[in-house]
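As a plain string of letters, each chain reads:
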Amino acid sequence: MGDSQYSFSLTTFSPSGKLVQIEHALTAVGSGQTSLGIKAANGVVIATEKKLPSILVDETSVQKIQILTPNIGVVYSGMGPDSRVLVRKSRKQAEQYQRLYKETIPVTQLVRETAAVMQEFTQSGGVRPFGVSLLVAGFDDKGPQLYQVDPSGSYFSWKASAMGKNVSNAKAFLEKRYTDDMELDDAVHTAILTLKEGVLTPAEIEDYLQEVE
Amino acid sequence: MSRGSGGGYDRHITIFSPEGRLFQVEYAFKAVKAAGVTSIGDKLLDPTSVTHLFPITKFLGLLATGTTADARTLVQQARNEAAEFRFKYGYEMPVDVLAKWIADKSQVYTQHAYMRPLGVVSMVLGLDDEFGPRLFKCDPAGHFFGHKATSAGLKEQEAINFLEKKMKNDPSFSYEETVQTAISALQSVLQEDFKATEIEVGVVREGNPVFRVLSTEEIDEHLTAISERD
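Since this is a predicted model, take the numbers as computed values, not measurements. (Residues numbered from 1 in each chain as written. Chains lettered and ligands numbered in written order. Predicted model: local features only at pLDDT ≥ 70, side-chain atom pairs only at ≥ 80, totals over all residues. Heavy atoms only, no water.)

## Observations concerning a negative patch on the surface
Together, D181, E183, D185 and D186 of chain A give the surface a local cluster of negative charge. Positionally, E183 of chain A belongs in the loop between α4 (167-177) and α5 (184-197). (Patch = residues over 30% accessible without salt bridge, like charges linked within 9 Å, V, L, I, M, F, W, Y side chains within 5 Å. Areas by Shrake-Rupley, 256 points an atom, 1.4 Å probe, with all protein chains shown as cover. Salt bridge = Lys/Arg side-chain N within 4 Å of Asp/Glu carboxyl O. Lys, Arg positive; Asp, Glu negative; His and termini not counted. Charge placed at Lys NZ, Arg CZ, Asp CG, Glu CD. Helix = DSSP H or I, 4+ residues; strand = E, 2+ residues; numbered from the N terminus.)

Structural data, given as structure tokens:
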């Protein structure tokens, strides 16, 4: 990393064996705007809240969901500026893979490399962990895939997941409505409903569902 | 068991607090507010040397709110970066690219312990080939957004409230109306009528994309128009 005056890690073990800086990073993620992802039979959807601090902000200048390659996208919960660093590094890694192997990078490889970067920042000298969790959605030879990467650098594949505020409600809602044979349109519909969970009351949601079904 | 406040260092360098906050970044925001409005009443001070409005290139301007020293460092680096961009890519650096560059640099300071965040909020303005006039605001945390109108500094919330009211129905202002809205916002928030020598105004406009600082005469004209209107 080269922060030579700080040749010691800022993330160190507590007596109980925890890496407290990572836990704090997860807290920062947990207070970020909700985002979620759902893997359908024929695709993946990721979605997020886009609450802007004022009506004066030009909403067209803000894009939280970013493209990493033509077939891989990413959304984050947590600190926006940190996510830009990861997006930039991931895009570069995807490009380097493409130059070397003359093939588009598989989703798992890109996730692994991004996670490795996040892990580096929990161990290198003079830096703090990233204050974001990422949901990476991609479609390659192995079909649709959804991965969640945490500030620690650990990653898991999910059928559906949520991050940020209200995550327990969102996950409970997703568990109820998820089916393995969901189509992409259903998944998009469910994603939007789940985000609205935080805004509408349960009664209003029931009404809406009855109308639709 | 949680270890409390990270050994006390979470206030000194940019590591996370137990609540997931970065205190150094929050303190940088406070420094922006504490810098205050510069008084130009001092007889021994050369008033032309006191400025917060900096041309970065012929077509890009930057208004720096906060610690003047930090602002000058940022401006110096931004000027260098914009010049390199023009040399490397053969066209002028667009507003959003500069804003992103400033924001990404600020993000690095929030993540690496060896540099503190800068106590500056920058507003970058310019005329984009595709999108027309653009205004971006960058803060010490590394956030940057495009704005229809915005404010920074000690009374920024009052100014933003004033501007929100004016911009609520998405009006399209003419050049004169835009300048006068900006000056009125300052007047209303600081609750004083100032002389033309006490404020700085910088503009870009369609048809004349060069970033220009208005002269005292031009500011006077606008001030007169405002008082006649009211």
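## Some details on the UniProt feature "domain: Proteasome alpha-type subunits" (unreviewed entry) in chain B
Within this structure's numbering, the places UniProt gives as "domain: Proteasome alpha-type subunits" (unreviewed entry) are residues 9-31 of chain B. Here residues 9-31 of chain B is 39% helix and 0% strand, with 19 Å between the C-alpha atoms at its ends. (UniProt positions renumbered as here; feature names shortened; annotations may be inferred.)

## Focus: the interface of chain B and chain A
The interface of chain B with chain A comprises 37 residues on the first partner and 39 residues on the second. Linking chain B with chain A are three salt bridges, by the criterion used here. The shortest N-O distance in the salt bridge between D104 of chain B and R88 of chain A comes to 3.1 Å. Across the contact surface, chain B and chain A share 14 residue pairs in polar contact (both at pLDDT 80 or more). Grouping the amino acids of the side of chain B that touches chain A by side-chain chemistry returns 17 nonpolar, twelve polar and eight charged. (Contact = heavy atoms within 4.5 Å. Polar contact = N/O pair within 3.5 Å; in protein donor to acceptor, adjacent residues only side chain to side chain. Nonpolar A, V, L, I, M, F, W, Y, C, P; charged D, E, K, R; others polar.)

## Details of the sheet that holds strand β8 (residues 160-163) of chain A
Residue and element names in this part refer to chain A. Taken together, the three strands give an open sheet; going across it, the order is β2-β1-β8, and neighbouring strands pair in antiparallel fashion. Unpaired on one side and paired on the other, β2 (43-48) and β8 mark the two borders of the sheet. Each adjacent strand pair in this sheet contributes to an overall mean axis angle of 10 degrees, direction not counted. Pairing geometry for strand β1 (residues 35-40) and β8, over four bridges, is antiparallel. Bridge assignment links G37 to a residue of β8, and that residue is S161. Contacts from α4 reach β1 and β8, with the element oriented near 165 degrees to β8. Along the sheet face, α5 touches β1 and β2 and points at about 20 degrees away from the line of β2. (Pairing = 2+ DSSP bridges. Axes fitted to C-alpha atoms, helices over the stretch in contact; angles between N-to-C directions.)

## Some points on helix α1 (residues 20-30) of chain A
All of the buried residues along α1 of chain A are V20, Q21, I22, H24, A25, A28 and V29 of chain A. At its buried positions, α1 of chain A is contacted by β4 (72-78) and β5 (132-140) of chain A. (Buried < 20%, exposed > 50% of the residue type's maximum accessible area, 1.4 Å probe, protein only.)

## Overview of the sheet that holds strand β1 (residues 53-55) of chain B
All names here are of chain B. Reading across from one edge, β1-β2-β3-β4-β5 is the order of the five strands in this open sheet, with antiparallel pairing throughout. Only two strands of the sheet have a single partner each, and these edge strands are β1 and β5 (144-146). Taking the axes of each pair of neighbouring strands and ignoring which way they run, one obtains an average angle of 20 degrees across the sheet.

## Re empty space enclosed by the protein
If you walk through the whole model with that rule in mind, you get two cavities of 30 Å³ or more. As a volume, the largest cavity reaches approximately 70 Å³. L74, I102, S106, Y109, L118, V120, S122, C138, D139 and P140 of chain B are the residues that line the largest cavity. Elements with a minimum of two residues in the lining of the largest cavity: α3 (95-111) and β3 (120-128) of chain B. Here the element with the most residues in the lining of the largest cavity is α3 of chain B; it accounts for three residues. The residue makeup of the lining of the largest cavity, split by class, is seven nonpolar, two polar and one charged. In this structure, the second largest cavity occupies an estimated 30 Å³ of space. What lines the second largest cavity is L68, V74, S83, L86, V87, S90, T114 and L134 of chain A. (1 Å grid on protein atoms, 1.4 Å probe; cavity = no way out; pocket = protein on both sides within 12 Å on 5 of 7 lines; lining within 4 Å. Points joined across faces, edges and corners; volume = space filled by probe spheres on them.)

## Thoughts on unusual backbone geometry
Residue and element names in this part refer to chain A. With a phi close to 55 degrees, K102 is a non-glycine residue in the positive phi region. If you trace the backbone, K102 turns up in the loop between α2 (80-101) and α3 (107-120). In this structure K102 comes out as exposed when scored by relative accessible area, which is 68%. Its identity is not glycine, yet N166 carries a phi of approximately 60 degrees, on the positive side. Considering the arrangement of structural elements, one finds N166 in the loop between β8 and α4.

## Details of the packing of aromatic side chains
Residues and elements named next belong to chain A. Scanning all chains against the criterion turns up seven aromatic pairs over all chains. Geometrically, the ring pair formed by F121 and F130 is tilted, given 4.7 Å between the ring centres and 50 degrees between the ring planes. Neither residue differs from the other here; F121 and F130 are each classed as buried. With 6.2 Å between their ring centres and 65 degrees between their planes, Y147 and Y155 make a pair best called edge-to-face. The class for Y147 is buried, based on a relative accessible area of 11%. (Phe/Tyr/Trp six-rings, centres within 6.5 Å; stacked < 30°, edge-to-face > 60°.)

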